[in-house]
Amino acid sequence: TPRVFSGIKPSGGLTLGNYLGAIKRFVGMQGEMETIYCVVDLHAITVWQDPAELANATREVAAGYLAAGLDPTQSILFNQSQVAGHAELGWVFNCVARVGWMNRMTQFKDKAGTNAEKVSLGLYAYPSLMAADILLYHATHVPVGEDQKQHVELTRDIAAKFNHDFGTAFFPITEPVIDGPATRVMNLRDGTRKMSKSGESDMERINMTDDADTIAKKFKKAKTDPAALPDTLDGLAGRPEARNLVDIYAALDDSTPEAVIAAYQGAGWGRFKPALADLAVAKLAPISQEMSRLMNDPAEIDRILAQGAARARQIAEPILKQTYDIVGFLRS
Ligand code: TYM
């Protein structure tokens, strides 16, 4: 049976990239399949997190899920550390995955930079824990942004090697779901870099909690080239900043880049940017208002996460037990 799993790290605030590349698409899959969405706090601590901020950021991701339309009666929403099976299956996968596979992970190489000796061992093993997140539920579909594709491919490799080594077909070979116009939302100041929570300037990104004036200012100051919008999508080739703004518009409007170009062909930035800002405010303001309302009631968020964790455990526990049997661990 098809089952969706995905997750977001509670490290810093949520961006428009997280919304369009992940959360909005999570909402779209709800009701069509069984959906499990996690706040991956175990992954967050692969780099230092202040404990109080981690708790707050965990609630903020949960609030983003809820405010965007995830319904805790339809989807399982929880934070990873409340379900011990993630860490337990992660250990088994650490013993299945090969060091050489980890060495090829581009996200690790980017994050470790020139200082790979000093990063945490957890950062290195990160993709193995991510495989455990997905396979602990036998998830078949994983909606993610483009930057997570290599990690989902590694999950397939780990499932295949486990199945091969133990002579079983126990773990499914999961499909990454990377679709729509916004699977790689770019930085507003540099169209060749990804929009991220950690980029040094706040002007590079739209945060899900930005107010209307801030959103308008950021789009107004977004880097562009001087040319007007072309007549066809081909005319955006080699214009990464322009392409990014068209893609963002399309994703926010549930449209396509082709349709956006058709509507705005020949328009200058003086017309397109305010239209984009208005659209973004119209779509994001209700979500950010709901997020701040939810954040005023942390006990309610905690209750929803605890309930989700209890449901997650019911799926995870038999799968972990069977894994342990396959591996040959004794239990009474
Ligand atoms: P994270 O927390 O970095 O990002 C969460 C989700 O948002 C997507 N995303 C973007 N999409 C489009 N454009 C962007 N600029 C952009 N920035 C972020 C990410 O692709 C992701 O889908 N390793 C994962 C979390 C994780 C996970 C999992 C995901 C842990 N276990 C199991 C799926 C399944 C991460 O760090 O995502």
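Scoring rules and cut-offs
Per chain, residues are indexed from 1 in the order of the written sequence. Note on the predicted model: pLDDT of at least 70 is required for a residue's local features to be given, and 80 or more for side-chain atom pairs to be given and counted; whole-chain, interface and lining totals, by contrast, use all residues. Computation of side-chain values covers all heavy atoms of the structure but excludes hydrogens and water. UniProt positions are given in the numbering used here, feature names are shortened, and annotations may be inferred rather than shown by experiment. Here a strand is any run of E in DSSP of at least two residues, a helix any run of H or I of at least four, and the numbering for each starts at the N terminus. A molecule or strand has a residue near it when one of that residue's heavy atoms lies within 4 Å. Identification of polar contacts relies on pairs of N or O atoms within 3.5 Å, with a donor-acceptor requirement for protein atoms, meaning one able to donate a hydrogen and the other able to accept it, and with residues adjacent in sequence counted only if both atoms are side-chain atoms. The method behind every accessible area is Shrake-Rupley, applied with a 1.4 Å probe, and residues are considered shielded solely by the protein chains displayed. Working rule for helices: expected span equals 1.5 Å times residues minus one. The buried label goes to any residue with under 20% of its type's maximum accessible area, the exposed label to any with over 50%, and the partly exposed label to all in between, with areas taken from a 1.4 Å probe on protein chains only. Pairs were defined over the aromatic rings of Phe, Tyr and Trp, the Trp ring being its six-membered one, requiring ring centres within 6.5 Å. Orientation was assigned from the angle between planes: stacked under 30 degrees, edge-to-face over 60, tilted for the rest. Residue ranges assigned to each domain were obtained from an automatic or database domain assignment. Note on definitions: a residue-residue contact is assigned when non-hydrogen atoms from the two residues lie within 4.5 Å. Defined in terms of a 1.4 Å probe, buried area is the accessible area two parts forfeit on being brought together, summed over both. We define a salt bridge as a side-chain nitrogen of Lys or Arg found within 4 Å of a carboxyl oxygen belonging to Asp or Glu. Grouping buried Ala, Val, Leu, Ile, Met, Phe, Trp, Tyr and Cys residues that are joined through side-chain atoms within 4.5 Å yields what is termed a nonpolar core.

A word on the UniProt feature "short sequence motif: 'HIGH' region" (unreviewed entry) in the chain. The positions that UniProt labels "short sequence motif: 'HIGH' region" (unreviewed entry) are, in the present scheme, residues 10-18. Between the end C-alpha atoms of residues 10-18 the distance is 11 Å, and the span holds 33% helix and 0% strand.

Turning our eyes to something else, we now look at the site of the ligand. Close to the ligand lie 27 residues, the nearest being Lys9, Tyr126, Asp133, Asp147 and Val185. Between the ligand and Gln148 there is a distance of 3.0 Å, counted from a nitrogen atom to a side-chain nitrogen or oxygen. Protein contacts shield 97% of the accessible area of the ligand, which totals 710 Å² for the unbound molecule. Every element with two or more residues in the shell around the ligand is listed here: β1 (3-8), α1 (16-29) and α7 (121-135).

The end-to-end C-alpha distance of helix α3 (residues 51-68) is 26 Å, a good match for the 26 Å that 18 residues give at a rise of 1.5 Å each. Every buried residue belonging to α3 is among Leu54, Ala57, Thr58, Glu60, Val61, Ala62, Ala63, Gly64, Tyr65, Leu66, Ala67 and Ala68, and all of these are buried. Once α3 finishes, Gly69 follows within two positions and takes phi at roughly 125°, a positive value.

Scanning the model with the defined rule gives 16 aromatic pairs in all. An angle of 75° between the planes, with centres 5.4 Å apart, marks the rings of Phe93 and Phe171 as edge-to-face. Of the two residues, Phe93 sits in helix α4 (residues 85-94) while Phe171 sits in the loop between α8 (149-166) and β5 (175-177), which places them 78 residues apart along the sequence. Its relative accessible area of 0% is what places Phe93 among the buried residues. Residue class for Phe171 comes out buried when judged on its relative accessible area of 2%. Here a set of aromatic residues connected by ring pairs shows up, and it is made of Phe93, Phe162, Phe166, Phe170 and Phe171.

Once that is clear, we can look at the domain arrangement of the chain. When the parts of a complex come together, some accessible area is lost, and that lost area is often used as the size of the interface. Domains assigned within the chain are domain 1 (3-177 + 297-327) and domain 2 (187-293). Centre-to-centre, using C-alpha coordinates, domain 1 lies 29 Å away from domain 2. Contacts between domain 1 and domain 2 engage 21 residues on the former and 19 residues on the latter. Across the domain 1/domain 2 interface, buried area totals approximately 1,500 Å², and carbon plus sulfur atoms make up 69% of it. Applying the counting rule to domain 1 against domain 2 returns 2 salt bridges. Ionic pairing is found between Lys24 and Asp254, a salt bridge with its closest N-O pair at 2.4 Å.

Leu16, Tyr19, Tyr65, Phe219, Ile248 and Phe272 are the most contacted members of the largest nonpolar core, which totals 61 residues. Top contributing element to this core by residue count: helix α12 (residues 269-295), with 12 residues. When residues of this core are sorted by domain, at least three fall in each of domain 1 (3-177 + 297-327) and domain 2 (187-293). Counting residues in each nonpolar core, the second largest holds 43 residues, with Tyr126, Leu135, Ala309 and Ala312 among its members.

Attention now moves to the side chain of Gln80. Tracing the sequence through the fold places Gln80 in the loop between β3 (75-79) and α4. Engagement of the side chain of Gln80 in a polar contact is seen with the backbone nitrogen of Asp41, the distance being 3.3 Å. What Gln80 contacts, discounting residues up to four positions off in sequence, is Cys38, Val39, Val40, Asp41, Leu42, His43, His86, Leu129 and Asp133.

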